[in-house]
Amino acid sequence: MPTHYDVVIAGGGVVGCAAALALANLSSLKIAVVESHPPSASGTHPSFDARVIALAQSSLSHLGSWKFNHGAISGAPIQRIHVSDRKHSGQTVLDATDANVDMLGKVVRLEELGLSLYEALQSTDVDYFTPESISAVTNHADCIVLSTEAREIECKLLVIAEGADSNTRALAGIQCLTDDYQQTAIISNVSTQLAHENCAYERFTKHGPLAFLPMFTDDKKYAGTLMSVVWTCSNSQLAEIMSLSDEAFLRRLNGMFGNRLGRLTTTTARQSYPLMLKQSEFFVSHRCICIGNAAQSLHPIAGQGFNLAVRDVNDLVTALKDASDAGSFATTQQYRKAREKDKLAVVGATNLLVRGFSNHYLPFVIGRNKALSALNFVGPLKNKLTQFAMGQR
């Protein structure tokens, strides 16, 4: 006989754990998580990888409201964001003091965040089944039945949080739409000659954006000078950049970034991730909701992906906490209406930035640089951009 739950979350990575923790602490629903990779500190879980993420101020607020102590996670506050266009004069700076906040966000290591969320989940009544994979999804009018290697589970609502390449999403009959940017993100940590002073940088280059994010470290040698780099390059450049010696890589990177932080002095090993927009054709279906990258996997420009997922979780909790049937049409449609506008806006803005700053037609270049410079003198527009960076909607 199947085990009964109100909500089953497919995927126990960062987003799945966040959703389970929020629902466990803010509702009386019976919840289970199904995850194929047992979380561990070994770095083998695909959701807890080497990247860092910038948690927007609103995301920190949401995490705290779910009774998650994000303050215990080591991280570097973002107090300013410097945006510029390489080889052009247009630039603008967003400052926390202008928004009357202590920080615009916080840069944390994805692995530490994921493991901390998983550990917090252990003190709840959530059942976490691992290593198990969902092999079949059967729809019924009043429930969904899931099959794994070890059990059958019946639930009122299936929440899919397995990431951009979710197998459960496919089993549920939800197609994935893909737009390949023909770009790759190269990830590395570098140390700088000058202190970063908790400033994040977004620099647009000929082949894609280049982000420098301030990082926290216990190593006194690199305190205040460690940065996480996300270098977006065209796929045709990838092999050549990855094959560079560390010294040549730092020289090339310094040339792209400029001398704002002086000379780049050291680098860690590089990792690469292909970049594409992946969207569920429908993020809400019969007794099924896709959240996080399973709903929309974004280009890392402007760091919106996980922050959008946090808002997915927050609106999911709002829709479910008082629902008599977690998967009813009324409940899932309430969630769809709550999330649709935000998702469309962020996907649209991300695409516009990717396409717009990859366009080298001279009148377009002049226009976007004038716009960047004008932001410094048009308070309302700059405030809107600052609110966007903080995840406020």
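Note that this is a predicted model, so its numbers are computed, not measured.

A. Here's a closer look at the pairing of strand 7 (residues 105-109). Among the five residues of strand 7, four are classified as buried, and the element is accordingly described as predominantly covered. Bridge analysis of strand 3 (residues 52-56) against strand 7 gives five bridges, and the strand direction is antiparallel. Pairing of Val52 across the sheet is with Arg109, part of strand 7. In this sheet, strand 7 lies alongside strand 4 (residues 75-78) in antiparallel orientation, the contact comprising four bridges. Along strand 7, the bridge assignment pairs Ala76 with Val107.

B. Up close: the environment of Ser147. Assignment of secondary structure puts Ser147 in strand 10 (residues 144-147). A C-alpha to C-alpha distance of 6.7 Å links Ser147 and Val137, two positions ten residues apart in sequence. Non-local contacts of Ser147, meaning those with residues more than four positions away in its chain, are made with Ser133, Ile134, Ser135, Ala136 and Glu152.

C. How the structure looks around the sheet that holds strand 3. Here three strands make up an open sheet; going across it, the order is 3-7-4 and the pairing antiparallel. If you trace the sheet from one side to the other, it starts and ends with strand 3 and strand 4, each paired once. Averaged over all neighbouring strand pairs, the angle between strand axes comes to 25 degrees, with direction disregarded. Across the sheet, helix 2 (residues 57-65) touches strand 3 and strand 7, and the angle it forms with strand 3 is around 85 degrees.

D. Fine view of the state of the cysteines. As enumerated under the stated definition, the model contains zero disulfides in all. Considering cysteine sulfurs only, Cys143 is the nearest to Cys155, which forms no disulfide, with 7.6 Å between them.

E. Main features of helix 3 (residues 110-121). For helix 3, spanning twelve residues, the distance from its first C-alpha to its last is 17 Å, which sits close to the expected 16 Å at 1.5 Å a residue. Within helix 3, nine of the twelve residues are buried, which leaves the element mostly enclosed by the surrounding structure. On its buried face, helix 3 sits against helix 1 (14-26), strand 3, helix 2, strand 7, strand 8 (127-129) and helix 7 (305-320).

F. Focus on the packing of helix 1 against helix 3. At a minimum axis separation of 9 Å, helix 1 and helix 3 run at an interaxial angle of 35 degrees. The handedness of the crossing between helix 1 and helix 3 comes out as left-handed. Of the residues in helix 3, those touching helix 1 at Val14, Cys17, Ala18, Ala20 and Leu21 are Leu110, Leu113, Gly114, Leu117, Tyr118, Ala120 and Leu121. Of the residues belonging to the contact of helix 1 with helix 3, the class tally is eleven nonpolar, one polar and no charged.

G. Summary view of the packing of helix 1 against helix 7. The N-to-C vectors of helix 1 and helix 7 enclose an angle of 30 degrees; their axes lie 10 Å apart at closest approach. In terms of their interaxial angle, helix 1 and helix 7 are classed as roughly parallel. As for the relative orientation of helix 1 and helix 7, their crossing is right-handed in sense. Packed against helix 1, whose contacting residues are Val14, Val15, Ala18, Ala19, Ala22, Leu23 and Leu26, the element helix 7 presents Phe306, Ala309, Val313, Leu316, Val317 and Leu320 at the interface. Residue classes in the contact of helix 1 with helix 7 are distributed as 13 nonpolar, no polar and no charged.

Rules behind the numbers
Residues numbered from 1 in each chain as written. Predicted model: local features only at pLDDT ≥ 70, side-chain atom pairs only at ≥ 80, totals over all residues. Heavy atoms only, no water. Buried < 20%, exposed > 50% of the residue type's maximum accessible area, 1.4 Å probe, protein only. Helix = DSSP H or I, 4+ residues; strand = E, 2+ residues; numbered from the N terminus. Pairing = 2+ DSSP bridges. Contact = heavy atoms within 4.5 Å. Axes fitted to C-alpha atoms, helices over the stretch in contact; angles between N-to-C directions. Disulfide = S-S within 2.5 Å. Expected span 1.5 Å × (residues − 1). Left-handed = near helix turned anticlockwise from the far one by under 90°. Nonpolar A, V, L, I, M, F, W, Y, C, P; charged D, E, K, R; others polar. Parallel < 35°, antiparallel > 145°, perpendicular 65-115°, else oblique.

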